[in-house]
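Now for the letters of each chain:
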Amino acid sequence: MSTALFIVQTLNGLQLGVLLFLIAAGLTLVFGVMDFINLAHGVQYMLGAYLAVMFYALTGNFLFALILALGAALLFGLLLEFVIFRHLYGRDHLDHVIATFGIILFLNQGVKFVWGAAPLTLPMPEMFSGSVALMPGLLYPVWRLVIIGSGLAVAILLYVLVTQTRIGMLVRAGATNANMVSALGVDIRRLFMIVFGFGAMLAGFAGVMIAPILSVEPGMGDTILILAFVVIVIGGIGSIRGAFLAALLIGLVDTLGRSFAVDILRLFMAPSPARTVGPAIASMLIYILMALVLYFRPSGLFPAKGR
Amino acid sequence: MNRTISALAIGAALTLTLGAAEAQEKLKVGVITTLSGPPAVLGQQLRNGFQLAVKELGGKLGGRDVEVIVQDDELKPDVAVNKVKALVDRDKVDFVVGPIFSNILQAIMKPVTDAGVILISPNAGTSNFAGKECNPNFFVTSYQNDQNHAVSGKYAQDSGIKKLYLMAPNYQAGKDALAGVKRHFKGEIVDEVYVPLNQLDYSAELSRIAAASPDAVFVFLPGGMGVNFVKQFRQAGLADKIKFLSAFTVDESTLPAQQDAAIGLFGGANWAPNLDNPQNKKFVAAYEKEFNAVPATYAFQAYDAALLIDSALKATKGSTSDKNALRAAIKKSDFKSLRGDFKFNTNNYPIQDFYLTKVAKRPDGKYQTEIVQKVFDDVPDSYAKDCKMK
């Protein structure tokens, strides 16, 4: 277990962490502000990737594809909100779950219908396609650094938006007491719609950024959605700051666990059982972490105020 | 009044049996394959390959009109069992062809074969059914599961690779795969890594491979897992330094997504689209024309399954009533397999050749695997000796 390997794995953990943050940020806003459980959030991530593939095929330019995909993801998010979700806000959480689960099934089948079942691929922008030597013997793919950088940039942007702007103030106020904000003459419906569209766009952004690394296929959002829910539960529902820290924490715990669990077990176990037990423990680590957090701090690490 | 009703009932029952008798005229084949979820593309290849053969034979198998009933197992054993029971009990199929995945095969084996229906697997071929639990109603047109993996082990051993790094998903087939490689490879195994099934990001594993710097890696990562791993393997700059050996990881089902990232990577298989014989050339051209995709092994093995049924029914003059005669006719495997050498072993698994394959980009811009060398010639699987059938 050399230092270089440890540093690389930490970077890998960070990269997974910021990706989770991009998805969880929208999810936690929607959940926190509107009290709405949106299982279809993972599908919006998938859709971002598919849209980018489609626009790349049309334009042949990654940047254009990114911008167009973000726009389309935003529009689609608004459309979903307008057509379906706004009729569900006042209702029970179980209704949310069932309706948005239906949307998952519908859209997973839909992308298969439009783009086919075979996995697709989004080429990486040429200038970011290589690896850089961070120190001698330590190569790291540039694109993963780009993901880390853009994720951090979005985190800063969100922080500024939420704490420094009027919209951010309304969002925070709306999360605490929607009725009061509404009574003060703010169109809370429209505010919710903006938040929702923005969350959908963030998920789409995550999908576009990961598409050059992962294959773009139906159902790609389903596994990441579970992780995103773990993130917002650990971070505290509705809290952007909590989502950010929890996402990094989970990224690191998951990656380092997968990477070193077997080595650590080998210190006091025979190699063969260590090889069997190690991966099993590694894949449980984040859920163990979640259980511990819930036990000691039932409302998460950084619960949003007023909830 | 009562008598009128009973008469009507009897009449109705008779009409029903008439209908049933008429339906018997048409040969019925149930195809059970995975058509939903990420691995749907494998299942489609299977279905397409089978339907192409039936179409080329003029909608007939062994001279009988055939009705092909396709069912999606959704990669869920319980769903598969229900659908297979419906095929056997309600549709009264004569043959069941499928599935793709081994866990589905384990689930449907008993319901199909116990009903006296012939089960032909055009892909999954688990070791238990090749050995102790071999079954006279069960035939395999693909391989025994670990044979494709053994190709890489044998090749690594023969080509002087010293340090080999192994990786597979953490489930039974993954462990079987690595066992298959290790059977022939006697050099140093640097590490043996199991990842969760359907893991998508391999950053942590790739960093470890880079740190271990082996001569070669062997991975078994089917479907989307393989697509992701290969792309990331190339992005991490490892593809030029470390030899890449695999099975079910770079094939025509994953290549459309892997594209250039997979060029030059090795696999092990019983067939490749460029296998040089006239029947295969015709098949590949027809498949590409019909489905606008390069066929993978799943398609060719299903195509062979249809040819096998056709040949057996020709021998029995279209009759499926005498099961012993039917089984004997199938066992003769009197058809021209797309892979050339093919005959059934005592356990109803094939004796065939295996090749090292390599990914190449064709002049028309599509990607396919191509044969590099023959690694095993007319090889039986190593479980046949445990099978009591003669």
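Sequence order as written defines residue numbering, which begins from 1 separately in each chain. Key to labels: chains lettered from A, ligands numbered from 1, both in the order written. Selection of residues for local features in this predicted model requires a pLDDT of at least 70, selection of side-chain atom pairs for listing and counting requires 80 or more, and totals for whole chains, interfaces and linings are taken over all residues. Processing note: side-chain calculations cover all non-hydrogen atoms of the structure and skip hydrogens and water entirely.

Structural notes on the overall build of chain A
Line of reasoning, step 1. Under the scheme used here, helices are H or I runs from DSSP no shorter than 4 residues and strands are E runs no shorter than 2 residues, and both carry numbers assigned from the N terminus. Counting its regular elements, chain A contains 11 helices and 2 strands.
Line of reasoning, step 2. Going from the N terminus to the C terminus, chain A shows its helices and strands as α-α-α-α-β-β-α-α-α-α-α-α-α.
Line of reasoning, step 3. Taken over C-alpha atoms, the radius of gyration is set against a globule rule of 2.2 Å times the number of residues to the power 0.38. Relative to its length of 307 residues, chain A is compact, with a C-alpha radius of gyration of 20 Å against a globular reference of 19 Å.
Line of reasoning, step 4. On the principal axes, the C-alpha backbone points of chain A span a range of 65 × 50 × 35 Å.
Line of reasoning, step 5. Looking at chain A residue by residue over its 307 residues, the buried ones come to 53%. Under the scheme applied here, a residue whose accessible area is under 20% of the maximum for its type counts as buried, over 50% as exposed, and between as partly exposed, the area being computed with a 1.4 Å probe on protein chains only.

Description of helix H12 (residues 297–315) of chain B
Residue and element names in this part refer to chain B.
Line of reasoning, step 1. With 19 residues, H12 should cover 27 Å at 1.5 Å per step; its first-to-last C-alpha distance of 27 Å lies within 8% of that length.
Line of reasoning, step 2. Of all 19 residues in H12, 17 are buried; the element is thus mostly enclosed.
Line of reasoning, step 3. Downstream of H12 by a residue or two, Lys317 has a phi angle that is positive, lying close to 55°. Helix span, as expected, comes to 1.5 Å for every residue beyond the first.

What about the pairing of strand S10 (residues 243–246) of chain B?
All names here are of chain B.
Line of reasoning, step 1. Should DSSP find at least two bridges between two strands, the strands are regarded as paired. Two strands pair when backbone bridges link them, and strand S9 (residues 216–219) and S10 are joined in this way by 4 bridges, in the parallel orientation. Each residue of the ladder has a partner; that of Phe218, found in S10, is Leu245.
Line of reasoning, step 2. Whether a crossover is right-handed comes down to one check: with the strands pointing away from the viewer, does the path from the first strand over the helix to the second run clockwise; if it does, it is right-handed. Once you follow S9 into helix H9 (residues 224–235) and on to S10, the crossover reads as right-handed.

Some words on a nonpolar patch on the surface
Residues and elements named next belong to chain A.
Line of reasoning, step 1. Patches in this entry comprise residues that are over 30% relatively accessible and not in a salt bridge; like charges within 9 Å are linked, as are nonpolar side chains (Val, Leu, Ile, Met, Phe, Trp, Tyr) within 5 Å. What sets the accessible areas is the Shrake-Rupley method with a 1.4 Å probe; for residues, cover comes only from the shown protein chains. The term salt bridge refers to a side-chain nitrogen of Lys or Arg lying within 4 Å of a carboxyl oxygen of Asp or Glu. Taken together, Val277, Ile281, Met284, Ile288, Leu292, Tyr295 and Phe296 make up a surface patch of nonpolar side chains, about 700 Å² in accessible area.
Line of reasoning, step 2. Along the chain, Ile281 falls in helix H11 (residues 271–296).
Line of reasoning, step 3. A residue is classified by how much of its surface remains accessible, and Ile281, at 31% relative accessible area, is partly exposed.

Let's talk about the side chain of Gln232(B)
Line of reasoning, step 1. Looking at the secondary structure, you find Gln232(B) in helix H9.
Line of reasoning, step 2. On the basis of relative accessibility, which here comes to 2%, the residue Gln232(B) falls in the buried class.
Line of reasoning, step 3. Side-chain atoms alone can form a polar contact between residues adjacent in sequence; in general such a contact is a pair of N or O atoms within 3.5 Å, and within protein one must be able to donate a hydrogen while the other accepts it. Among the polar contacts made by the side chain of Gln232(B), one reaches the main-chain carbonyl oxygen of Leu200(B) at a distance of 3.3 Å.
Line of reasoning, step 4. A contact between two residues is defined here by any heavy atoms of the two lying within 4.5 Å. Discounting residues that sit within four places of it in the chain, Gln232(B) has contacts with Arg144(A), Ile213(A), Leu214(A), Leu200(B), Asp201(B), Tyr202(B), Ser203(B) and Leu206(B).

Thoughts on the interface of chain B and chain A
When the parts of a complex come together, some accessible area is lost, and that lost area is often used as the size of the interface.
Line of reasoning, step 1. On the side of chain A, 35 residues touch chain B, which itself brings 34 residues to the contact.
Line of reasoning, step 2. When the two sides are added together, the surface that chain B and chain A hide from each other amounts to roughly 2800 Å², 51% of it contributed by carbon and sulfur.
Line of reasoning, step 3. Among the residues of chain B in contact with chain A, Arg208(B), Lys231(B) and Gln235(B) are the three that bury the most area, contributing 21% of the side total.
Line of reasoning, step 4. Only helix H2 (40–56), strand S8 (188–195), helix H8 (203–212) and H9 of chain B provide two or more residues apiece to the side of chain B that touches chain A.
Line of reasoning, step 5. Here the nonpolar group is Ala, Val, Leu, Ile, Met, Phe, Trp, Tyr, Cys and Pro; Asp, Glu, Lys and Arg are the charged ones; every other residue, Gly included, is treated as polar. By residue class, the composition of the side of chain B that touches chain A is 12 nonpolar, 14 polar and 8 charged. As a working definition, buried area equals the accessible area (1.4 Å probe) given up by two parts on being put together, with both sides summed.

Observations concerning the sheet that holds strand S4 (residues 95–97) of chain B
Residues and elements named next belong to chain B.
Line of reasoning, step 1. Spatial strand order, S2-S3-S1-S4-S5-S6: 6 strands in an open sheet with mixed pairing. With one partner strand each, in any of the chains shown, strand S2 (60–61) and strand S6 (138–140) form the two edges of the open sheet.
Line of reasoning, step 2. Note that strand S1 (residues 27–33) and strand S3 (residues 64–72) share 7 bridges and pair parallel. Across the sheet, the residue bridging to Leu27 is Val66, located in S3.
Line of reasoning, step 3. Every angle, taken between N-to-C directions, lies between 0 and 180 degrees, and every axis is a line fitted to C-alpha atoms, over only the stretch in contact when it is a helix. Strand contacts of helix H3 (residues 77–90): S1, S3 and S4, with the helix running at about 155° to S3, the strand carrying the most contacts.

Looking at the confidence of the model for chain A
Line of reasoning, step 1. Looking at chain A, the pLDDT average stands at 89 and 98% of residues meet or exceed 70.
Line of reasoning, step 2. The pLDDT score gives, residue by residue, the confidence of the prediction method on a 0 to 100 scale. For chain A, per-element mean pLDDT is lowest for strand S1 (residues 131–135) of chain A, which scores 80, and highest for helix H2 (residues 41–59) of chain A, which scores 95.

Description of the pattern of salt bridges
Line of reasoning, step 1. In total, this model carries 29 salt bridges over all chains according to the counting rule given.
Line of reasoning, step 2. Among the salt bridges present, the one from Lys374(B) reaches Asp377(B), with a minimum N-O distance of 3.1 Å.
Line of reasoning, step 3. Its relative accessible area of 42% is what places Lys374(B) among the partly exposed residues.
Line of reasoning, step 4. Each of Asp263(A), Arg266(A), Asp191(B) and Arg208(B) takes part in salt bridges that share partners, so that together they form one network.

Remarks on the packing of aromatic side chains
Line of reasoning, step 1. Side-chain rings of Phe, Tyr and Trp, where Trp is taken by its six-membered ring, are said to pair if the distance between their centres is within 6.5 Å; with planes under 30 degrees apart they count as stacked, over 60 as edge-to-face, and otherwise as tilted. Considering all chains together, one arrives at 27 aromatic pairs over all chains under this definition.
Line of reasoning, step 2. Geometrically, the ring pair formed by Phe128(A) and Trp143(A) is tilted, given 5.9 Å between the ring centres and 50° between the ring planes. Taken as a pair, Phe128(A) in the loop between helix H4 (93–115) and S1 and Trp143(A) in helix H5 (residues 142–164) lie far apart in primary sequence, 15 residues in all.
Line of reasoning, step 3. Owing to a relative accessible area of 26%, Phe128(A) belongs among the partly exposed residues under this scheme.
Line of reasoning, step 4. Under the relative-accessibility criterion, Trp143(A) is labelled buried at 3%.
Line of reasoning, step 5. Ring centres of Tyr155(B) and Phe266(B) lie 6.0 Å apart, and the angle between their planes is 35°; this geometry places the pair in the tilted category. With a gap of 111 residues between them, Tyr155(B) in helix H6 (residues 147–158) and Phe266(B) in strand S11 (residues 266–269) connect regions that are remote in the sequence. Here the two residues Tyr155(B) and Phe266(B) agree in accessibility, since each one is buried.
Line of reasoning, step 6. Grouped by ring-pair contacts, the aromatic residues Trp271(B), Phe283(B), Tyr287(B), Phe291(B), Phe300(B) and Tyr303(B) constitute a single cluster.
Line of reasoning, step 7. Definition used: whenever NZ (Lys) or CZ (Arg) falls within 6 Å of the ring centre and also within 35 degrees of the ring normal, the charge is taken to sit over that ring. Here the guanidinium or amino end of Lys175(B) rests over the ring plane of Tyr194(B), the centre of that ring lying 5.6 Å away.

Focus on the state of the cysteines
Residue and element names in this part refer to chain B.
Line of reasoning, step 1. Our working definition of a disulfide is a cysteine sulfur pair at a distance within 2.5 Å. All told, the structure shown has 1 disulfide over all chains when counted by the stated rule.
Line of reasoning, step 2. What pairs with Cys134 in a disulfide is Cys387, and their sulfur atoms sit 2.1 Å apart. Its S-S torsion of approximately 85° makes the covalent link between Cys134 and Cys387 right-handed. In this pair, Cys134 is assigned in the loop between helix H5 (127–130) and S6 and Cys387 in the segment after strand S14 (367–379), connecting sequence segments 253 residues apart. For the pair Cys134 and Cys387, one class covers both residues: buried.

Notes on the side chain of Thr121(A)
Line of reasoning, step 1. In this fold, Thr121(A) is placed in the loop between H4 and S1.
Line of reasoning, step 2. Since its relative accessible area comes to 16%, Thr121(A) is described here as buried.
Line of reasoning, step 3. Polar side-chain contacts of Thr121(A) include one of 3.2 Å to the backbone oxygen of Ala257(B).
Line of reasoning, step 4. If we ignore the near neighbours within four places in the chain, the residues touching Thr121(A) are Val53(A), Lys231(B), Ala257(B) and Gln259(B).

A few points about the packing of helix H1 (residues 3–34) of chain A against helix H8 (residues 188–210) of chain A
All names here are of chain A.
Line of reasoning, step 1. For the pair H1 and H8, interaxial distance at closest approach is 9 Å and the crossing angle is 165°. Taken together, the axes of H1 and H8 lie roughly antiparallel to each other. As for how H1 packs across H8, the hand of that crossing is left-handed. Of the residues in H8, those in contact with Gln15, Leu19, Leu22, Ile23, Ala25, Gly26, Leu29, Val30, Val33 and Met34 of H1 are Phe192, Val195, Phe196, Gly199, Leu202, Ala203, Phe205, Ala206 and Ile210.
Line of reasoning, step 2. Of the residues belonging to the contact of H1 with H8, the class tally is 16 nonpolar, 3 polar and no charged. Convention used here: angles under 35 degrees read as roughly parallel, angles over 145 as roughly antiparallel, angles from 65 to 115 as roughly perpendicular, and any remaining angle as oblique. Helix crossings are classified by the rotation of the near helix relative to the far one: an anticlockwise turn of less than a right angle makes the crossing left-handed, while a clockwise turn makes it right-handed.

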